Every structure is written in C-alpha cells, then in structure tokens.
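Structure assessment
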Amino acid sequence: MYKLMTLVDTVRIDPTLLGEDVRVNVKKALKYKLEGKVDKKIGCLVAVCDVEKIGEGHILYGDGAVYYDVTFKAIMFMPENQEVIEGEVLETVSFGVFVGLGPMDGLLHVSQITDEFMSYDSKNGRLVSKTGKKALGEGDRVRARIVAVSINERDPRESKIGMTMRQAALGKIQWIDEALERTGGKSKKKAAEQNVSKTAQDNS
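What comes next concerns the included structure. Everything numeric in this text was worked out from a predicted model, so none of it was measured. (Residues numbered from 1 in each chain as written. Predicted model: local features only at pLDDT ≥ 70, side-chain atom pairs only at ≥ 80, totals over all residues. Heavy atoms only, no water.)

1. Quick word on the packing of aromatic side chains
The relation between two aromatic rings is expressed through the spacing of the ring centres and the mutual angle of the planes. Going by this rule: Stacked, edge-to-face and tilted are the three classes for Phe, Tyr and Trp ring pairs, Trp counted by its six-membered ring, which pair at centre distances within 6.5 Å; planes under 30 degrees apart are stacked, over 60 edge-to-face, the rest tilted. Strands here are runs of E lasting at least two residues and helices are runs of H or I lasting at least four, both read from the DSSP assignment and numbered beginning at the N terminus. Throughout this description, buried means an accessible area under 20% of the type-specific maximum (1.4 Å probe, protein chains only), exposed means over 50%, and partly exposed covers the range between.
Tallying each qualifying case throughout the model produces two aromatic pairs. Between tyrosine 2 and phenylalanine 77 the ring centres are 5.0 Å apart and the planes differ by 55 degrees, which places this aromatic pair in the tilted class. Of this pair, tyrosine 2 sits in strand E1 (residues 2-13) while phenylalanine 77 is found in strand E4 (residues 66-77), placing the two residues 75 residues apart along the sequence. Centre to centre, the rings of phenylalanine 95 and phenylalanine 98 are 6.1 Å apart; their planes meet at 90 degrees, and the pair counts as edge-to-face. With a relative accessible area of 26%, phenylalanine 98 lands in the partly exposed category.

2. Let's talk about the pairing of strand E12 (residues 160-164)
In summary, the side chains of a regular strand alternate between the two faces of the sheet. Definition in use: Strand pairing is assigned whenever DSSP identifies at least 2 bridges connecting the two strands.
In terms of residue burial, E12 counts as a mostly covered element, since four of its five residues are buried. The pairing of strand E7 (residues 104-109) with E12 spans two bridges and is classified as parallel. Bridging from a neighbouring strand, leucine 107 pairs with glycine 162 of E12. As paired strands, strand E11 (residues 141-150) and E12 are joined by five bridges and run antiparallel to one another. Counted as the bridge partner of arginine 145 is threonine 164 from E12.

3. What to know about the sheet that holds E1
Put simply, the rule reads: A contact between two residues is defined here by any heavy atoms of the two lying within 4.5 Å. Only C-alpha atoms enter the line fits that serve as axes; for helices the fit covers just the stretch in contact. Angles between N-to-C directions range over 0 to 180 degrees.
Here four strands make up an open sheet; going across it, the order is E1-E4-E3-E2 and the pairing antiparallel. Each having just a single partner strand, E1 and strand E2 (38-39) make up the two edges of the open sheet. Sheet topology note: the E2/strand E3 (residues 43-54) ladder contains two bridges and is antiparallel. Bridging from a neighbouring strand, valine 38 pairs with cysteine 44 of E3. Along the sheet, helix H1 (residues 22-34) contacts E1, E3 and E4; its crossing angle with E3, the most-contacted strand, is approximately 165 degrees.

4. Some words on the nonpolar core
As a reminder of what qualifies: Only buried Ala, Val, Leu, Ile, Met, Phe, Trp, Tyr and Cys residues count toward a nonpolar core, and they belong to the same one when joined by side-chain atoms within 4.5 Å.
Within the largest apolar cluster, 25 residues are counted, with the highest numbers of intra-cluster contacts made by Leu108, Ile113, Met163 and Met165. Only strand E5 (84-93), strand E6 (96-101), E7, E11 and E12 provide two or more residues apiece to this core. Dropping the residues within four chain positions of it, isoleucine 113 is found in contact with Leu108, Met118, Leu127, Leu136, Met165, Arg166 and Trp175.

5. Quick notes on the environment of glutamine 112
By the secondary structure assignment, glutamine 112 is in the loop between E7 and strand E8 (118-121). Glutamine 112 sits 53 residues away from methionine 165 along the chain, and the two C-alpha atoms are 5.9 Å apart. With near-sequence residues (within four places) excluded, glutamine 112 lies in contact with Met163, Thr164, Met165 and Arg166.

What follows is the structure, encoded as structure tokens:
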C-alpha cells in the first residue's frame, strides 16, 4: 500500500554548497539519503515530495558542513498482510515466480499459483499446468493476496513478501477475464472497449 507521510530527518549540506538555495540542496540531500531505503515500521521510501519546514542550521565541531532538521512529505510503500495487489511477473523459476510490486518484489510459490499442479518448462521459462491450459511467465500481470511480510532493513533485497492466488477473483489477469466472460461478466478489457465505443456513439 502506498501512503503519503510526513517525516522528520536531519541532512548534511556540504560546505561547497553553502550560499546556494538551501531548500533545493536540502531536498537533493533527502532524496540521496533516503529514497530506496527501507524501514521496518513504515516501509520503503519511494519519493521525497515537498519540504515543509527547515530548521536552523547547526555546525558540528570539526565539520564545516551545515546540518538541518527537516520536516518533509514522502511517498512510502508498505506491503500489508491480506492486501490484494496487482503486479508483473519479473522472473520464473522452478519453485514459483517473482512479482514486481512497485519498489519491492514478492514471491508466488508454485503451490500458491493455482489448484492445478504446475511444472517448470525450462525451454520456455514458464510454469505450465498439467492440462496445459494454464501457463505463467515473465511479463504476465497477476492479482494476488499478500499472506506474509518480512522486511529486512539492512538489505531490502532480502525482504520477503509471500503471496497466494488460490482464492476467488485472484490469478493471472487473463485467467480472471476469461472466467468472467464464461460466467457472463465483463473483463476489464471488454468493459474498457465498450466504454470507448459508447463514448464515441454519444459524441457522434
């Protein structure tokens, strides 16, 4: 889940930058220091937005730089248990697929993809069902539910997000659309096409 949060931190402005626009340099310093960093409690800092307040600068003994206490807004990403999220398959391996969830990746274990048995097709780099009717590979878009979150602050790459698609209305987007069409519902693509068509008729 993405959140807009108000945060407070201290940044160091190098003495070579003194005399330039303080607000610009403070924002640059915040972006360099914090963007991409992960905090166990609030998640991954995606982007520094507005700098709201800059305190008075202070200098530490033996350091010519100026330190500012700063209040600013930032966009954070924090995956939450039971959250339903959509993403793109980035990599397929024998034990499942890695799904890009914005700034972080999640794992869909092969046992959590579908009720059907899935095996790894190394030639095509995909997971394929026993019947051959379902396949999942790089570039496919999926909708899944997060069932486990373990954030590693020291090395964000070691953070673990476990997901499942073995529930109603979850799965590869193509499978969901096909199931909706079979039951008389509308897929996202079909609904969008009908909306475009209706708009065109209304405007004619």
